[in-house]
Amino acid sequence: MSQRQLAMVIDINKCLGCQTCTIADKNMWLRGPGQEYMCWNSVETRPGDGYPRRWEKMGGGFDANGEVQLGDLPGVEDYGVPWEWDWEKLPHIFPRPQPSWGPNWQEDVGEGEYPNTWYFYLPRPCNHCNKPACLAACPRQAIYKREEDGIVLIDQERCRGYRYCVRACPYKKPYYNVQTNKAEKCIFCFPRVEKGVPPACVAQCAGRIRFFGFMDDTEGPVYKLVKKFKVAVPLHPEYGTEPNVYYVPPISTPRVGNNGEPQGQGRIPLAYLESLFGPSVRQVLDTLRQEIARARRGETSELIQTLVSNQRWRV
Amino acid sequence: MSRRAIIIIIVVLAAAVTLSYLWLGHTGPTQAARADILPVPAVAGGEDPLAPAAAVWGGITPIQVPLSGMDIKGEWPVAITTSLEVQALRRGDWLYWRVSWADTTADSRIQDITQFADAVAVQVPVEAAQRPYICMGQGTGPVNIIYWRADTNQAESLVGGAYGTLSRYPLVEAKGQGSYQNGRWTVVLARALGQDPAWQVPQASIAFAVWNGADEQRGGRKSTSNWLTLDLRAGGQVTASRNEVASRPVARSHIPRRWR
C-alpha cells in the first residue's frame, strides 16, 4: 500500500449513461495510434456482458492464498473492432467493418418484463487497487504504485508488451496497444491531479456523480461516503485487489402492478447487486433509504447533503 | 503383366517415395553437428553478412544447439523449439550470428491483442571473461542480449542483471535481419565490438533463446540453450588475455541503478 491513496466514489443512482466521462477521457488521452479501440473509462449497462465482453468470466485477481491469477486475454473483437464511416456513400453511410461489439453494446437492454424492466449504468475506470494484480503479474517491473497518492501506472519505457497485466487484472482495465507493443491504462489523470485539478471524468461528469480525493482527508467527500457513512462499496471485492473506486449502489425503482401502483419491492434483485458489490450492499441500501426518508421529512442528513453537493473533489 | 502385379508395383513405389520423403524431412536440409564451441572465423570485405541469404554464410560450418522450455510465470511453453543451428563470423568490428530454426508458422505481425511475434536472442556477458547466471545474468554479472523480433525485423541491444531488469543498452550497437522460408526462420544478429575492452578475449560465453509467437511465448516463456563457448581465436585478433581483462576495473555506470 502507498502512504496516501486517492480514491473515487461513483454514485450509480445519478448516472445518466451519457458517456461524457468516456469521451472526456478519450479526448484527453486516447487519440493516438493503436488506441482506437480503447476506453480507459467505460460505462456499461448492467445487467450485461460489459466491456470487454464477458470480462467477469475471464479470471484474474488473487486466489485465497494471495497468489495472482492469470486470466484470459481478450481479443480486439471482445472490446469492439474500431470502425470507420463510409463517408463517400453519403447520405447512406455504414460503419466498416460491420460492428459486432463495442463499449456499452447492450445499452439499455436490461432485464425484466414490462412494466417492471430494470437496468442501470456502471461506469468503470481503473480501480488503482491497493493490491494491483497487474503489478503483481508483470515480470518486467514496469508497473508501479506511487507512494504519494497510490496511483498505479505502467512505465512505458519498461513495458515490453507481454500482456500479463491484461490477463491478471480481473476488471480488464490495462489495454494492449498493438502499435506501440505496450500496455496502457487509466492514469487517474495524474498530470491534472498534480496541479490540483480532478480527473477529466470527474470534472466533466454531467450528472455530477463522481467524487474524488484522498482517502485520509476526513473533510473530503470520499472519506465521508466510504468511511464515515459507509454507503460506497467496491466492485467485486472478492477479486482480492482492494479497489479504490467505490460505488453508491443503485436504489431500485419499486415494482408496479398492472395499474401502475407501487408494490413495495424493488425491481433490481438484491442478489444481483450482492453479486457485484458483495454482501454489505444490503446494509448500504438500508442506510440510503433511511437517510432519504429523513431528508424527505425535512430533517438534516449530512449523507444526503454530501451526495447532492457540488463539492465533489478535494485534491 | 497382370493387373495385380501393376497394383503391387504402384503401392511399393508409393511407399518408397513416402519413406524417402519422411527420412529427408527427419534429417532436415542442413545437417549441423551438435557442439559446445562456436568458432568465429574472421571475414574481410565481401557483402554484408547481415542479409540471411548472404553468400558468405555458405562457407561457414553451423553447429546445432539444443534448446529446452523455460518459464517464470508458471505457464510452460507448449510448442518448444528443440534446437537451432547457428553460425558465427567476425567482420571488422562486428560479430555476426546466423541463427536458423524450424517453426511451422511465421508470426511476423501483431494485429490483435491475442497475437505474439516470433523472436530470437543471443545472450553474451557484458564482460566477456565472465560466465554469469544463465537466466538473465545477475547484478554482479550482467548480460548483453541482442534481441530480434519478427514484427519489427530489427534487433535491440539490451542489458539484464536479474529477472525483470532487462533494459535498453545503448552502449552496444546491434543489428538484425530475418527471413522465413520453407518452415524455417533464418535470422542474422550482429553485435558491435568496437573498442570494447571487455571483449578483447579469446573466448566468451554465449547462449540463445527462441520465442514461438503462435504459442504466446514472450518474456520468460521461451526455449533456451545452455551456455556455449564462443571461440574468437579463429580471427587471430586477440589482443588481451583473460587475466588482463579480469583485473581491469569494471565500469558499470551504464547499468540501471536499481540493480547495480
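Every value quoted in this text rests on a predicted model; they were computed, and no experiment measured them. (Residues numbered from 1 in each chain as written. Chains lettered and ligands numbered in written order. Predicted model: local features only at pLDDT ≥ 70, side-chain atom pairs only at ≥ 80, totals over all residues. Heavy atoms only, no water.)

Observations regarding helix α1 (residues 20-29) of chain A
For the α-helix, the turn length of 3.6 residues means that residues three or four positions removed from each other point alike.
Here's step 1: Of all the residues in α1(A), the buried ones are A:C21, A:T22, A:A24, A:D25 and A:K26.
Here's step 2: Buried residues along α1(A) sit against β2 (42-46), α6 (200-204) and β10 (210-214) of chain A. (Buried < 20%, exposed > 50% of the residue type's maximum accessible area, 1.4 Å probe, protein only. Helix = DSSP H or I, 4+ residues; strand = E, 2+ residues; numbered from the N terminus. Contact = heavy atoms within 4.5 Å.)

A closer look at a nonpolar patch on the surface
Here's step 1: A grouping of A:W83, A:W85, A:W87, A:L90 and A:W105 is seen on the molecular surface, where their side chains present a nonpolar patch of about 590 Å² in accessible area.
Here's step 2: Following the sequence through the fold, A:L90 ends up in the loop between β3 (84-85) and β4 (95-96). (Patch = residues over 30% accessible without salt bridge, like charges linked within 9 Å, V, L, I, M, F, W, Y side chains within 5 Å. Areas by Shrake-Rupley, 256 points an atom, 1.4 Å probe, with all protein chains shown as cover. Salt bridge = Lys/Arg side-chain N within 4 Å of Asp/Glu carboxyl O.)

With respect to the sheet that holds strand β12 (residues 245-248) of chain A
Two pairing modes exist for strands in a sheet, parallel and antiparallel, and in both the strands are linked by backbone hydrogen bonds.
All names here are of chain A.
Here's step 1: The five strands are arranged β11-β12-β1-β10-β15 in an open sheet whose pairing can be described as mixed. Single-partner strands in this sheet number two, and they are β11 (233-234) and β15 (313-314).
Here's step 2: Taken together, the two bridges between β11 and β12 define a ladder with antiparallel strand orientation. Considered in β12, the bridge of P234 is made with Y246. (Pairing = 2+ DSSP bridges.)

Regarding the sheet that holds strand β11 (residues 174-181) of chain B
Here's step 1: Taken together, the six strands give an open sheet; going across it, the order is β1-β3-β5-β6-β12-β11 (chain B), and neighbouring strands pair in mixed fashion. In the strand order of this sheet, the two ends are held by β1 (33-34) and β11 of chain B, each with one partner.

Thoughts on the interface of chain B and chain A
Here's step 1: At the interface, 25 residues of chain B touch 24 residues of chain A.
Here's step 2: By the criterion of area lost to chain A, the three top residues of chain B are B:K73, B:I113 and B:R218, representing 33% of everything that side buries.
Here's step 3: The interface formed by chain B and chain A includes three salt bridges.
Here's step 4: In this structure, B:E75 and A:R167 form a salt bridge, with 2.6 Å as the shortest nitrogen-oxygen distance.
Here's step 5: Counting across the interface, chain B meets chain A through 11 residue pairs in polar contact (both at pLDDT 80 or more).
Here's step 6: Split by residue class, the side of chain B that touches chain A holds eight nonpolar, seven polar and 10 charged. (Buried area = accessible area lost by both parts, 1.4 Å probe. Polar contact = N/O pair within 3.5 Å; in protein donor to acceptor, adjacent residues only side chain to side chain. Nonpolar A, V, L, I, M, F, W, Y, C, P; charged D, E, K, R; others polar.)

Notes on the pairing of strand β5 (residues 83-91) of chain B
Residue and element names in this part refer to chain B.
Here's step 1: Across the nine residues that make up β5, a large majority, seven, are buried.
Here's step 2: Two elements, strand β3 (residues 63-66) and β5, share four bridges in a ladder whose sense is antiparallel. Paired with P66 across the bridge in β5 is S83.
Here's step 3: As paired strands, β5 and strand β6 (residues 94-102) are joined by seven bridges and run antiparallel to one another. Of the residues in β6, the one forming a bridge with A88 is W97.
Here's step 4: Counting the residues between successive antiparallel strands, the hairpin from β5 to β6 contains two residues, one of them, G92, with a positive phi of roughly 65°.

Quick word on the pattern of salt bridges
All names here are of chain A.
Here's step 1: All told, the structure shown has 24 salt bridges over all chains when counted by the stated rule.
Here's step 2: Across the salt bridge formed by R124 and E44, the nearest N and O atoms sit 3.3 Å from each other. Here the residue R124 occupies a position in strand β5 (residues 120-124), and E44 occupies one in strand β2, the gap between them amounting to 80 residues.
Here's step 3: Among the residues examined, R124 registers a relative accessible area of 2% and is labelled buried.
Here's step 4: Across the pair K89 and D86 runs a salt bridge, and its minimum N-O distance is 3.5 Å.
Here's step 5: A relative accessible area of 47% places K89 in the partly exposed class.
Here's step 6: Linked by salt bridges that have partners in common, E44, R46, E56 and R124 make up one network.

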